[in-house]
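The chain contents come next:
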Amino acid sequence: MKIELTSQQQNARMEFRSFADEAIRPFADQFDREERLPAELIDKLARRKYLGITIPEEYGGLGTDLITFGLLNEEIGRACSSTRSLLTVQGMVAFAILRWGNPQQKNYWLPRLASGQSLAAFALTEPDVGSDAKHIETTAEPRGDFYVLNGRKKWITFGQIADLFLAFARCNEKPVAFLVEKTSQGLSTKPICGMLGTRASMIAEVHLDECRVPKENLLGGLGFGFSAVALSALDLGRYSVAWGSVGIGQACLEASLKYASERKQFGEPLKHHQLIQEMIANMVTQVKAARLLCYYAGYLKDVDDPGSTAETLIAKYFASTMAPRVASDAVQIHGGNGCSSDYPVQRYLRDAKVMEIIEGSNQMQQIMISANAYLRR
């Protein structure tokens, strides 16, 4: 089996890397310190249609394959994990609408998401409910032409600036999903600051207090909220995070190669010391292995193979465990400088830790991978 990118995919990767190096990477530490992405950068992403990269052309998106989507996540993640997080949540909500939305929902929202006119957030996690998402506490009560939502959502990526929330609740003990606009009566947000990593992803707590949502904003029907809508969106989110973790690993490798070539100890560049060579060798191997797992998961998605979900779990698990190991070695190679804000490797380490938690913790990935392995016996 030979893994080879098409000429279009190769050109796309070069374009993504050039954009990331020019528009994002030089400013990523500033984004991290300020805990926000500037509107100008979001506009640049929107003009290039990166926010709608997987949305079909008929709705104004680029309509690319999922390998290309993965390459974009790696290159943007290599520059700034917070910026990559915007691609993740925008893609998850767009994917859910494309797969489960009715024609009116698709025709209204997908062009807005593709153009960046509207930004989206995925509102599943709650203050007391994380991995056990089937037991969310937010309620939805039908009242005339509306549903009334009550509850709290927490750790919502880009919840501070989202125009549209894909929010999950329970209605008569059935899981439901709703498209909730920021302007909805009863919806408010509270910024969450001081996070360990991905600090510029503008995380928020979302309050739903007697929040009135039109019945036509129900996505996927009663009872489909978790098993259909949430899980399918999370599958794309895990794929995005897996590629983003590869991007962090690649950034760590590049930073370490540069530093080990320039820094001298005992009269020799660090790269001539055997223990440094060992760490570099491990970095190269682990990053390449994670990238190959992502390629395979993406290939299966593009050919609609039913095994793609299981392979995405594996790719996300391996890549998100790889990134903190590689980032830790990168900090070690940099020594005291690695703990300083003057060098980006400390940011890579903080961001890498977040990858082990978001879109399903590594422990949840292990449980699901094991369950799939038994099913295949």
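Up top is the structure.
Description of the structure in this document. No experiment lies behind these values; they were computed from the predicted model shown.

### Observations concerning the overall build of the protein chain
Along its length, the protein chain carries 11 helices and 9 strands. Residues counted as buried form 54% of the 377 residues belonging to the protein chain. Nonlocal contacts in the protein chain, meaning residues at least 24 apart in sequence, comprise 74% of its contacts between residues at least 6 apart. In the form shown here, the protein chain has an accessible surface area of approximately 16,700 Å², with 51% of it arising from carbon and sulfur atoms. Between the centroid of the 42 positive side chains of the protein chain and the centroid of its 42 negative side chains there is a distance of 2 Å.

### Here's the deal with the pattern of salt bridges
Within the structure shown, the criterion is met by 21 salt bridges. The salt bridge involving glutamate 141 is made with arginine 143; its shortest N-O contact spans 3.4 Å. Taking the relative accessible area as the measure of exposure, arginine 143 reaches 37% and is therefore partly exposed. A salt bridge links glutamate 262 to lysine 258; its shortest N-O distance comes to 3.0 Å. A residue pair is termed a helical-turn pair when its members lie 3 or 4 positions apart in one helix, as glutamate 262 and lysine 258 do in helix α7 (residues 225-262) at 4 residues. The structure contains a network of salt bridges with shared partners spanning Arg17, Asp21, Arg25, Glu75, Arg78 and Glu254.

### With respect to the environment of leucine 187
Looking at where leucine 187 falls in the secondary structure, it is placed in strand β6 (residues 187-191). With relative accessibility at 12%, the residue leucine 187 sits in the buried group. Spatially, the C-alpha atoms of leucine 187 and tryptophan 109 are 19 Å apart, while their sequence positions differ by 78 residues. Setting aside anything within four residues of it in sequence, one finds leucine 187 in contact with Phe165, Val180, Glu181, Lys182, Val206, His207, Leu208 and Cys211.

### Some thoughts on unusual backbone geometry
Even without glycine at this site, glutamate 35 takes up a positive phi of about 60°. Along the chain, the position of glutamate 35 falls in the loop between α2 (28-34) and α3 (39-47). Note on glutamate 35: relative accessible area 23%, which makes it partly exposed. Here phenylalanine 266, not a glycine, exhibits a phi torsion of approximately 55°, which is positive. Within the element layout of this structure, phenylalanine 266 appears in the loop between β8 (264-265) and β9 (268-269). In this structure phenylalanine 266 comes out as exposed when scored by relative accessible area, which is 79%.

### Notes on the side chain of glutamine 9
The residue glutamine 9 is located in helix α1 (residues 7-24) in this model. Relative accessible area serves as the criterion here: at 10%, glutamine 9 is assigned to the buried category. At 3.1 Å, the side chain of glutamine 9 and the side chain of aspartate 65 are in polar contact. Sequence-distant contacts of glutamine 9, defined by excluding residues within four places in its chain, comprise Asp65, Ile67, Thr68 and Leu71.

### Quick notes on the packing of helix α5 (residues 81-100) against helix α6 (residues 103-115)
α6 packs onto α5 with a crossing angle of 160° between their chain directions and a minimal axis gap of 10 Å. Here α5 lies roughly antiparallel to α6, going by the angle between them. Like other packed secondary-structure pairs, α5 and α6 cross with a definite hand, here left-handed. Residue-level contacts link Gln90, Val93, Ala94, Ile97 and Leu98 of α5 to Gln105, Lys106, Trp109, Leu110 and Leu113 of α6. Split into classes, the residues belonging to the contact of α5 with α6 amount to 7 nonpolar, 2 polar and 1 charged.

### Notes on a nonpolar patch on the surface
Together, Tyr296, Tyr299 and Val303 make up a nonpolar patch on the protein surface, roughly 270 Å² of accessible area in all. Residue placement: tyrosine 296 occurs in helix α8 (residues 274-302).

### Looking at the packing of aromatic side chains
Under the counting rule described, the total for this entry stands at 10 aromatic pairs. When the ring of tyrosine 239 is compared with that of tryptophan 243, the centres are 6.4 Å apart and the planes differ by 85°; the resulting orientation is edge-to-face. With tyrosine 239 and tryptophan 243 both in helix α7 and 4 residues apart, this pair spans about one turn of that helix. Overall, tryptophan 243 belongs to the buried group, its relative accessible area being 0%. One aromatic cluster is present, built from ring pairs that chain together Phe69, Tyr239, Trp243 and Tyr295. Above the face of the phenylalanine 146 ring, arginine 212 is positioned so that its terminal group lies 4.1 Å from the ring centre.

Cut-offs used in this document
Residues numbered from 1 in each chain as written. Predicted model: local features only at pLDDT ≥ 70, side-chain atom pairs only at ≥ 80, totals over all residues. Heavy atoms only, no water. Helix = DSSP H or I, 4+ residues; strand = E, 2+ residues; numbered from the N terminus. Buried < 20%, exposed > 50% of the residue type's maximum accessible area, 1.4 Å probe, protein only. Contact = heavy atoms within 4.5 Å. Areas by Shrake-Rupley, 256 points an atom, 1.4 Å probe, with all protein chains shown as cover. Lys, Arg positive; Asp, Glu negative; His and termini not counted. Charge placed at Lys NZ, Arg CZ, Asp CG, Glu CD. Salt bridge = Lys/Arg side-chain N within 4 Å of Asp/Glu carboxyl O. Polar contact = N/O pair within 3.5 Å; in protein donor to acceptor, adjacent residues only side chain to side chain. Axes fitted to C-alpha atoms, helices over the stretch in contact; angles between N-to-C directions. Parallel < 35°, antiparallel > 145°, perpendicular 65-115°, else oblique. Left-handed = near helix turned anticlockwise from the far one by under 90°. Nonpolar A, V, L, I, M, F, W, Y, C, P; charged D, E, K, R; others polar. Patch = residues over 30% accessible without salt bridge, like charges linked within 9 Å, V, L, I, M, F, W, Y side chains within 5 Å. Phe/Tyr/Trp six-rings, centres within 6.5 Å; stacked < 30°, edge-to-face > 60°. Lys NZ or Arg CZ within 6 Å of the ring centre and 35° of its normal.

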